[in-house]
Amino acid sequence: MKENINVDVLIKGGTILTVDQKHRVIQDGAITITGDSISGIYSSDEIPQELEAGMVIQADGKVILPGLINAHSHLAMTLFRGFVEDLVLQQWLERVWKYEFSVLDDKAVRAGSKLALVEMIKNGITCAHDMYWHFEQTMEAAEEFGFRLLSGPPITGLGDQAFDEMFAQARKTLAWLDSLEFVYPIIQAHSTYTTTPKMMHTVREFKEEYGITFTTHASENQAEVETVLEQYQQTPIHLLASYDLLDESTLLAHCVILDDEEIELLAETGTHVVHCPESNLKIGSGIAPIAAMLEKGINVCIGTDGAASNNDLDILGELRTAALLQKGSNRNPELLNTKQALEMGTINGAKAYRLENDLGSLEKGKKADLVIINFDKPHLTPVHNPAANLIYSSGKSDVETVFINGKLQLENGQLTAIDEEQIMAEVRSISEKFV
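The structure reproduced in this document is the subject of the present report. (Residues numbered from 1 in each chain as written. Predicted model: local features only at pLDDT ≥ 70, side-chain atom pairs only at ≥ 80, totals over all residues. Heavy atoms only, no water.)

Structural notes on the pattern of salt bridges
The following threshold applies: The salt bridge definition used is simple: a Lys or Arg side-chain nitrogen within 4 Å of an Asp or Glu carboxyl oxygen. Numbering goes from the N terminus for both helices and strands, where a helix is a DSSP run of H or I of at least four residues and a strand is a run of E of at least two. Only protein chains enter the accessibility calculation, which uses a 1.4 Å probe. A residue is then buried if its area is under 20% of the maximum for its type, exposed if over 50%, and partly exposed in between.
All told, the structure shown has 18 salt bridges when counted by the stated rule. With a shortest N-O distance of 2.9 Å, R171 and E209 are connected by a salt bridge. With R171 in helix α4 (residues 163–177) and E209 in helix α5 (residues 197–210), the pair connects residues that are 38 residues apart, well separated along the chain. Its relative accessible area of 36% is what places R171 among the partly exposed residues. Measuring nitrogen to oxygen at the nearest pair gives 3.3 Å for the salt bridge that ties K339 to E343. Of this pair, K339 and E343 both sit in helix α12 (residues 338–344), four residues apart, roughly one helical turn. The buried category is assigned to E343, whose relative accessible area is 17%.

Pasting the structure below:
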C-alpha cells in the first residue's frame, strides 16, 4: 500500500499557462502547493491517487498563471492619484516634489504603500518594485502583508541629504534587509540628471560589493535627454555606460528616447529594460521602441510607474497597451505577440531582478506565487487562445484568487487577511492635506 502524499493546496480543473521554457499550456490541469512552493504540476488525469490536500480549489472555466510582476513603481504615489494632471514630465515632477518634501512622512508613506499593495494583490500582482521616500515604511508594509517587494536605498541629489549620510544609511538599510523575508535588496538611483558622477560611481561600488541589481530612470522623454546632453555632453544611456553601469544586473526604466546605437549598446551589455507604456503616454513622453529592443534580444519587462502618473497599478492593462502600441505605431500586427506580452508580465521581470529560479513561471520547486482568473464570463468567451484572451480581453476585475508564497491572499475576489476599508479611510484622511 502506497503512502499518502500530503499537500497543503490542490488546484484542479483549470487551464495552466506555465510560462516555462516550453510555454506549456495544460488544459484541465492541476497544481499542488506544499509550504511556500509548487510541489507538482499535472494534467487532471495524472493526479496521484494517494494525494491528500488540506484545501482543494476547483478551477474549471478558469486560467491559472504565474503571479504578475510590476517591475517599476513608486508605490506610495497612490496618495497623489488624480492630483497632478495634464502636465509634461518636468512640470509634473516639480509639482510632485513640492508636496513630497512638505507633506510626506512615515505615516503617509506607510498608508499609501499599503493601499498600493491592496490594489496590486487584487489585480493579480504578487511582486513589485518600489522607489520612494521613507522607503523603510514600504518595506515593513510588504513584510507585514507577505508581499514580494524589490527595493533598496534610493540615491538622489534631491532633498538636502549629505553624500556620506546617504551612503551610510544605504549600508544600514542593506544590512537590515537581510532580516526580511519578502523584500529583495537592490540599489537604485533616481536618474542621471538628479545624481552626480561621484554618487553614481559609489552606486557601482555598492552594486559590486553587495552583488545586487541596480535600477534607475533613463531616457524617459526628450527634455531629459537634452538636459543630460547639455550637462554631460552624453545621453543618459552613454553616461550610464561611462559609469560602467550597463550590464546584466542593471534594469533601466522607460527608455523611450533611444537611437539604434543605444539599443545595440543595451543589447550588447545585457542590460534589461522595464516598459511603462501608460505612464509614458499619459505624461506625453512618447512610445518606447520596444519591438526594436525585443528584436535585438533585450529582456523587456513591464511596470506601471506610480499611480500619480498612470493612474492605477494594473499590469494586465499595461500588457494590452504595450502590445497594441507596438503593433499600431509600427503598422505591423506581428510585433509584440501574446507570448512575448505574457513573458513581459511574468518571467522577464523575474529575470531582470535575477529571481527567475524562484519566480515568473509555474514550475515544480518554484515559489507558489500564482493567480487564478475567471474566464467564465461573456467577454472571455469563447476561449480559442487563452493567452490572447488574457492579454486582450481580460481585466483586473477578473482576478479571482491569488497565492503568494503559498499563502492564500485573495479568495473569490476578496482579501483574506487585510482590512482594505481601514486603509482607504486612512489614505482619504491624509489626502486632505493635498491642496
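Still to come is the rest of the account.
Some thoughts on the nonpolar core
Grouped burial of nonpolar side chains is what soluble globular proteins tend to show. Rules: Each nonpolar core is a collection of buried residues, namely Ala, Val, Leu, Ile, Met, Phe, Trp, Tyr and Cys, held together in the definition by side-chain atoms within 4.5 Å. For this analysis, residues touch if any pair of their heavy atoms sits within 4.5 Å.
Grouped together as the largest cluster of nonpolar side chains are 126 residues, with contacts concentrated most on F80, W92, F147, I237, L266 and M293. Of all the elements, helix α2 (residues 106–122) adds the most residues to this core, at nine residues. For I237, the contacting residues outside a window of four places in its chain are A218, S219, L246, L252, C255, L258, E262, L265 and L266. With 17 residues, the next largest nonpolar core counts V9, I64, I372 and L408 among its residues.

Digging into the pairing of strand β10 (residues 183–189)
The cut-off we apply is this: In short, DSSP must find at least two bridges between two strands for them to pair. Think of it like this: strands point away, you trace from the first strand over the helix to the second, and a clockwise trace means the crossover is right-handed.
When you tally the buried positions in β10, you get six out of seven residues, the bulk of the element. Relative to β10, strand β8 (residues 148–151) runs parallel, the two sharing three bridges. Across the sheet, the residue bridging to L150 is Y184, located in β10. As judged from the two bridges shared by strand β9 (residues 154–155) and β10, these two strands associate in the parallel manner. Each bridged residue has a counterpart across the sheet, and for P154 the counterpart in β10 is Q188. Regarding topology, α4 serves as the crossover connection from β9 to the parallel β10, and that connection is right-handed. Two strands pair when backbone bridges link them, and β10 and strand β11 (residues 213–218) are joined in this way by four bridges, in the parallel orientation. Residue pairing across strands places Q188 opposite T215, the latter belonging to β11.

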